[in-house]
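Listed below are the residues making up each chain.
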Amino acid sequence: RSGNLFGSGSSILAIGTGLFAYLAMSIGLQNFIAPSNRLEAIAVLLVVALVAVPIAVAIGLMCWHPRLAPTRSNDTTMLIGPSDGGIRRHVVSLAEELMKRGSPVTVVAPAGVVEFIERESPMLQTSIVEVPAGFNPVSWLRAVRQLRGVNVSDGTLHCHGLKPAMLALLAGHNPILTWHNKVNRVSHGGSALVLMPLEKFVSRRCRAVICTTTAMV
């Protein structure tokens, strides 16, 4: 089945949610600036509408994807983000072991990570997808399109980290997720209030979740 982040009707849901959110924001902005005349209030609404519609449509396009037919291939695609530490080394080690056991592996990652992987293990097949480091909607839309251009529908898609898994779900896949680092308030500060619920939301929609320590279960 498809692992779409929002399930069926995702485009309509995303567009409706986006429009509702920005409508609420526009009302809040009006109250905040306390417009002295009707013209100023209308101007605020127009500006918000011009921003709301493109973003809502973009999110809808990101979420939509045709359902993928189930397959039985032993091919493995590993998707990682802009890692600069142990995750990329772990992926290289795991991919090499799978290759030794007869399972073809493709590692999909941002350009900088791909350069490292090709240098460390030239035998691995690679593909570039610029997994976003932040939450810029344009970057996510671009990354979804890139991932859909990679042939990952013939076997297992194994994501390493929150954002790669979120990207895979947005592209319509049903991935396996490995948690390497758990979000906490000490290391992530105020952003943990958003990232911690997002972790649960994404992990519950993956086919399987692998935790690197029992503390993450």
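Conventions we followed
- Residues numbered from 1 in each chain as written.
- Predicted model: local features only at pLDDT ≥ 70, side-chain atom pairs only at ≥ 80, totals over all residues.
- Heavy atoms only, no water.
- Helix = DSSP H or I, 4+ residues; strand = E, 2+ residues; numbered from the N terminus.
- Polar contact = N/O pair within 3.5 Å; in protein donor to acceptor, adjacent residues only side chain to side chain.
- Pairing = 2+ DSSP bridges.
- Right-handed = clockwise from strand over helix to strand, strands pointing away.
- Core = buried A, V, L, I, M, F, W, Y, C linked by side-chain atoms within 4.5 Å.
- Buried < 20%, exposed > 50% of the residue type's maximum accessible area, 1.4 Å probe, protein only.
- Contact = heavy atoms within 4.5 Å.
- Axes fitted to C-alpha atoms, helices over the stretch in contact; angles between N-to-C directions.
- Phe/Tyr/Trp six-rings, centres within 6.5 Å; stacked < 30°, edge-to-face > 60°.
- Lys NZ or Arg CZ within 6 Å of the ring centre and 35° of its normal.
- pLDDT = per-residue confidence, 0-100.
- Parallel < 35°, antiparallel > 145°, perpendicular 65-115°, else oblique.
- Left-handed = near helix turned anticlockwise from the far one by under 90°.
- Disulfide = S-S within 2.5 Å.

Visitor: How do you make sense of the side chain of His-180 when you look at a structure like this?
Guide: Secondary-structure assignment places His-180 in the loop between β5 (176-179) and α7 (185-188). Looking at His-180, its side chain comes within polar contact range of the side chain of His-160, at 2.9 Å.

Visitor: Looking at this structure, I do not really get the pairing of strand β3 (residues 125-128). What am I missing?
Guide: Side-chain direction in a regular strand flips from residue to residue, so the side chains alternate between the two faces of the sheet. In this structure, strand β2 (residues 105-109) lies alongside β3, joined through four bridges in parallel fashion. Bridge pairing in β3 places Val-108 opposite Ser-127. In the classification by handedness, the crossover that spans β2, the intervening helix α4 (residues 111-120) and the parallel β3 is right-handed.

Visitor: Is there a simple way to think about the nonpolar core in this case?
Guide: Nonpolar side chains in soluble globular proteins tend to be buried together. Within the largest apolar cluster, 26 residues are counted, with the highest numbers of intra-cluster contacts made by Leu-79, Val-129, Leu-147, Leu-167 and Val-202. Taken together, the elements giving at least two residues each to this core come down to α5 (137-148), β4 (155-160), α6 (162-170), β5 and α8 (192-203). In terms of residue count, the dominant contributor to this core is α6 (seven residues). Setting aside residues no more than four positions away along its own chain, Val-129 makes contact with Val-108, Ala-109, Pro-110, Ala-143, Gln-146, Leu-147, Val-150 and Leu-167. Met-78, Val-91, Phe-116 and Ile-117 belong to the second-largest nonpolar core, a separate cluster that totals 14 residues.

Visitor: Explain the sheet that holds strand β6 (residues 208-211) here, please?
Guide: Two orientations exist for strands paired in a sheet by backbone hydrogen bonds: parallel and antiparallel. Strand order in the open sheet formed by six strands is β3-β2-β1-β4-β5-β6, with parallel pairing between adjacent strands. Either end of the sheet is taken by a strand with one partner, and the two such strands are β3 and β6. Mean inter-strand twist for the sheet, computed between neighbouring axes without regard to direction, equals 20 degrees. Note: β5 against β6, four bridges, orientation parallel.

Visitor: Can you help me understand the side chain of Ser-121 in this one?
Guide: Tracing the backbone shows Ser-121 in the loop between α4 and β3. If we skip the residues at most four places from it in the chain, Ser-121 touches Val-92 and Glu-96.

Visitor: Where do I start with the packing of aromatic side chains in this structure?
Guide: The relation between two aromatic rings is expressed through the spacing of the ring centres and the mutual angle of the planes. Tallying each qualifying case throughout the model produces one aromatic pair. The side chain of Arg-88 reaches across the aromatic face of Phe-116, ending 4.7 Å from its centre. Lying across the ring of Phe-201, Arg-205 places its NZ or CZ 3.7 Å from the centre.

Visitor: What's the story with the confidence of the model for the protein chain in this structure? I'm lost.
Guide: Regions with low pLDDT should not have their predicted coordinates read in detail. Taken over all residues, the pLDDT of the protein chain has a mean of 75, while the share at 70 or more is 59%. When the criterion is pLDDT under 50, residues 65-72 qualifies, and its contacts beyond four places in sequence or with other chains add up to 13 contacts.

Visitor: Could you clarify how one ought to interpret α6 in this entry?
Guide: Quick reminder: α-helices carry 3.6 residues per turn. Residues three or four places apart thus point the same way. Along α6, eight of the nine residues are buried, which leaves the element largely enclosed by surrounding structure. Taken together, the buried positions of α6 are occupied by Leu-162, Pro-164, Ala-165, Met-166, Leu-167, Ala-168, Leu-169 and Leu-170. At the exit of α6 stands Gly-172, carrying a positive phi of roughly 95 degrees.

Visitor: Mind showing me how you'd approach the packing of helix α3 (residues 86-100) against α4 here?
Guide: Between two packed helices, what matters for the description is the angle formed by their axes and the separation of those axes. Relative to each other, α3 and α4 sit at 45 degrees, their axes nearing to 11 Å. Considering the angle they form, α3 stands oblique to α4. Crossing angle aside, the handedness with which α3 passes α4 is right-handed. Listed contacts from α4 to Arg-88, Arg-89, Val-92 and Glu-96 of α3 are Val-113, Phe-116, Ile-117 and Glu-120.

Visitor: Just checking my understanding: could you explain the state of the cysteines for this structure?
Guide: Evaluation of the coordinates by the stated rule reveals zero disulfides. Considering cysteine sulfurs only, Cys-159 is the nearest to Cys-206, which forms no disulfide, with 6.6 Å between them. Of the residues examined, Cys-206 reaches a relative accessible area of 9% and is grouped as buried.

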